[in-house]
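Next come the chains, spelled out residue by residue.
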Amino acid sequence: MTQPTPIRRDHAPARPLLLDLFCCAGGAATGYHRAGFDVIGVDIVDRPNYPFTFVRADALEYLAALIASGEIARFAAVHTSPPCQAGCALTIGTNKARGWGREHVQLIPELRTLLDATGLPYVIEQPNGKAPVRRDVWLCGEMFGLGVLRHRNFELGGWTMPQPAHPKHRGYVRGHRHGVYRDGPYVAAYGAGGGKATVPEMQTAMGITWTDVREELTEAIPPAFSQHIGRALLTAVRPVGVAA
């Protein structure tokens, strides 16, 4: 496979390089960058709002090619947010309730095999649901004072970090649930209607200002999540005695 030419947007060679697969608009990437990494993102569709170096490619094919060529040695770590439709609790419940029969391909087993072959520390992120990931760390927006809950699970390959305490939620997620409307301090940053968040509300609640595309916001990881993970990961990838 011929490697696509990266679109260079931001790169500082003194920082360890992280590969961001299934990158969407760069919510995770921004957190890792703030933690101290340079980032190259890969997505199968063009992401003009992605704020760092971007490659349009199939993520699994691109990773396999990096391994085969030895180019993977340029990277210090890998973050992945594979499509969650095959395992997300929200998607599964909605599809079943509406009688939708569409099947979604589960990419995680093949992805994990490739990630293990890199020899690098890695992260696989998924929402709550039935996706086959370990829940090594799980994060919630309340841990960071955000306006979303957005619980996410993270499988850590080749490294570990502590699980932070989960503060008690301050109330409900605003919107309709089972025909009942409840107000609350958090917004529902997915879908549309039923009291779900507007685009400006999602931007504010997650701390994402560089994209106003609803689809990108609904799929995004709040940068605070990956910044927290990235700080621990940076310690794991830096040689002993090297200052941040």
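Please refer to the structure higher up on the page.
Quick notes on the rules
- Residues numbered from 1 in each chain as written.
- Predicted model: local features only at pLDDT ≥ 70, side-chain atom pairs only at ≥ 80, totals over all residues.
- Heavy atoms only, no water.
- Buried < 20%, exposed > 50% of the residue type's maximum accessible area, 1.4 Å probe, protein only.
- Helix = DSSP H or I, 4+ residues; strand = E, 2+ residues; numbered from the N terminus.
- Pairing = 2+ DSSP bridges.
- Right-handed = clockwise from strand over helix to strand, strands pointing away.
- Phe/Tyr/Trp six-rings, centres within 6.5 Å; stacked < 30°, edge-to-face > 60°.

Visitor: Before we go on, may I ask you to explain the pairing of strand E1 (residues 17–21) in this structure?
Guide: Buried residues dominate E1, accounting for five of its five residues. The two faces of E1 match: Leu 17, Leu 19 and Leu 21 on one face and Leu 18 and Asp 20 on the other face are all buried. One ladder, built from five bridges, connects E1 with strand E2 (residues 38–43); its direction is parallel. Each bridged residue has a counterpart across the sheet, and for Leu 21 the counterpart in E2 is Val 42. Assessed by its sense of winding, the connection that carries the chain from E1 through helix H1 (residues 27–35) to E2 is right-handed. Of the pairings in the sheet, the one linking E1 to strand E4 (residues 77–80) comprises four bridges and is parallel in character. Residue pairing across strands places Leu 19 opposite Val 78, the latter belonging to E4.

Visitor: Just checking my understanding: could you explain the packing of aromatic side chains for this structure?
Guide: The relative placement of two aromatic rings is captured by the distance of their centres and the angle of their planes. Scanning the model with the defined rule gives four aromatic pairs in all. Look at Tyr 50 and Phe 54: their rings are 5.9 Å apart centre to centre, the planes differ by 50°, and that puts the pair in the tilted class. Take Tyr 50 and Phe 54: they sit in the same class, and that class is buried. Measuring from ring centre to ring centre gives 5.5 Å for Phe 144 and Phe 225, while their planes differ by 40°; the resulting arrangement is tilted. Here the residue Phe 144 occupies a position in the loop between strand E6 (137–139) and strand E7 (152–157), and Phe 225 occupies one in helix H7 (residues 223–237), the gap between them amounting to 81 residues. Residue classification places Phe 144 among the partly exposed positions, given a relative accessible area of 27%.

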